[in-house]
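Summary of structural features
Spelled out, the chains give:
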Amino acid sequence: MAALADEPAGETGELTLAQVAARAGVSQGTVKRWVGKGLIPGYEAPPSRWTPAAAAYARVVARLRARGHTLAQIKQASDNGQLAVGPLESLLSSPGPRHSLRDAQRLSGLDADLIGRVYAAMGLGALPLDGFSDEDMQILKYGAAVLDAGLPLPAFLQLMRVYGQAVAQIADAEVRLIHLYVHEPLMRRGVPSVKIAEEMEGLTRETLPFATPFMNYLHGRLLAQFVEQDMIGHMEADLGEDALREGRLRVAIAFADLAGYARLTVEHGDEAALGAVERFVQVVEQTLPVDARVIKMLGDEVMVVGSDAAALSGWAVELQAGIAAGDPLPRIGIHYGEALYRDGDYFGADVNQAARVVARAGGGEVLVTRPVVEVAAAVDGLEFERIGEIRLKGFSEPTELFTASARTA
């Protein structure tokens, strides 16, 4: 085995032993022992330098050790190709020099506390222990420019939080889909660990450049769509109504889930139940009114928000016809009221009320509250039948509920 190098990092992205140990959170001696046991494939390959790939392997080994796995178990996993992720580090890491927190404050104009809040809001956790990259510095300067342009700090931090959550979901999906459809099949075929790493690196290198164009395209298209909806939908919804408090919106809120979903998982298995959910969500996304969107999903339940309660009611009634034969029918609850908008999500008593309404619905049934009926009763093709006043869980006052259906005459 070649002597372990600990010379200063070069200009080719090489690291020192001390840097590798610091990034892994272990001593240099521990890293040396791991190398001796063949746990750092990136170091074994000539010319035996500390590359970002080798550092990635060291961090993975450190995390596995912290979770209680033995060195023998880790070696077996490495030999089987389960840890063939190290080479990707060289594509995804930020090369170049590192900068101190003091440099970051000076160049961006942001104080240390605010820099920490920005990192936390984006979902990046604590500030980088090994310093800020040039890319980090540029992002901080962008943030300072946005604040200087006049965007209030609370709005900026919420926006960073939404960006972080959305991009985290994208990154998580990218990793998991590649794992399921590329990494696992290679392992099952018995492809050597090094070959797996090479193939995954090649795939990442070829596909990564397309991520930004896709996201820029979608951001531009969807931003234009939501600007138009905001100008038209919210103006119409607010006509003749009292002004709302800051941070609140007047919206129609719908919750929809599949009746009998739990029984479906027991009787037909998780895969069959998941298939029904995927078909349900696809129908929802393809049929929503232009001013409405899915806010979040939890299992088989979706939360939808729009500005037009009448349009959302019409959608809910028509949705039943689009459900695949044999799949559970959705049950839907709709309420119209005020919601507190934070971090791309909606909160408050009226949101909770809509969630409680759907719990009272049966499969294939659409239940709505009095405020929905007041704005949707005149819509052609819809009719509402009063059920009565129902005491919903968590609410002291009874809620007047109606069934919504297609007008028969």
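Residues numbered from 1 in each chain as written. Predicted model: local features only at pLDDT ≥ 70, side-chain atom pairs only at ≥ 80, totals over all residues. Heavy atoms only, no water.

With respect to the overall build of the protein chain
The helix and strand tally for the protein chain stands at 17 helices and 8 strands. A total accessible area of about 23,100 Å² is found for the protein chain, and carbon and sulfur atoms account for 55% of it. (Helix = DSSP H or I, 4+ residues; strand = E, 2+ residues; numbered from the N terminus. Areas by Shrake-Rupley, 256 points an atom, 1.4 Å probe, with all protein chains shown as cover.)

Quick notes on helix 5 (residues 71-79)
Regarding helix 5, the residues found buried are Ile74, Ala77 and Ser78. Take helix 5 and look down its axis: the buried residues cluster within an arc of 100°, on one side only. Facing away from the buried side of helix 5, by more than 90 degrees, are the exposed residues Ala72 and Gln76. (Buried < 20%, exposed > 50% of the residue type's maximum accessible area, 1.4 Å probe, protein only. Arc of directions from axis to C-beta.)

Focus: the environment of Ser108
For Ser108, the position within the fold is in helix 7 (residues 101-108). Ignoring anything within four residues of it in the chain, the contact list for Ser108 reads Ile115, Leu140, Lys141 and Ala144. In terms of polar contacts, Ser108 uses its side chain to reach the backbone carbonyl oxygen of Ala104, at 2.6 Å. At 3.2 Å, the side chain of Ser108 and the backbone nitrogen of Leu110 are in polar contact. (Contact = heavy atoms within 4.5 Å. Polar contact = N/O pair within 3.5 Å; in protein donor to acceptor, adjacent residues only side chain to side chain.)

Observations concerning the confidence of the model for the protein chain
Confidence in the prediction for the protein chain averages 81 pLDDT; 85% of positions are at 70 or higher. Across the protein chain, the secondary-structure element scoring lowest on mean pLDDT is helix 6 (residues 89-92), at 55, and the one scoring highest is strand 6 (residues 366-369), at 94. In this model, residues 1-12 is a region of pLDDT below 50 whose contacts with residues beyond four sequence positions or in other chains number 24 contacts. (pLDDT = per-residue confidence, 0-100.)

Digging into the packing of aromatic side chains
As enumerated under the stated definition, the model contains 2 aromatic pairs in all. Look at Tyr119 and Phe132: their rings are 5.9 Å apart centre to centre, the planes differ by 85°, and that puts the pair in the edge-to-face class. Of this pair, Tyr119 sits in helix 8 (residues 112-121) while Phe132 sits in the loop between helix 8 and helix 9 (134-148), and the two are 13 residues apart along the sequence. Residue class for Tyr119 comes out buried when judged on its relative accessible area of 5%. By relative accessible area, Phe132 is classed as buried at 2%. Centre to centre, the rings of Tyr341 and Tyr346 are 5.1 Å apart; their planes meet at 70°, and the pair counts as edge-to-face. Since its relative accessible area comes to 30%, Tyr341 is described here as partly exposed. (Phe/Tyr/Trp six-rings, centres within 6.5 Å; stacked < 30°, edge-to-face > 60°.)

Here we look at the packing of helix 13 (residues 261-268) against helix 14 (residues 270-287)
Packing of helix 13 against helix 14 brings their axes to within 7 Å, and their N-to-C directions diverge by 140°. If you check the angle between helix 13 and helix 14, you find them oblique. Within the contact between the two elements, helix 13 uses Tyr261, Leu264, Thr265 and His268 and helix 14 uses Asp270, Ala272, Ala273, Ala276 and Val277. Taken together, the residues of the contact of helix 13 with helix 14 break down into 6 nonpolar, 2 polar and 1 charged. (Axes fitted to C-alpha atoms, helices over the stretch in contact; angles between N-to-C directions. Parallel < 35°, antiparallel > 145°, perpendicular 65-115°, else oblique. Nonpolar A, V, L, I, M, F, W, Y, C, P; charged D, E, K, R; others polar.)

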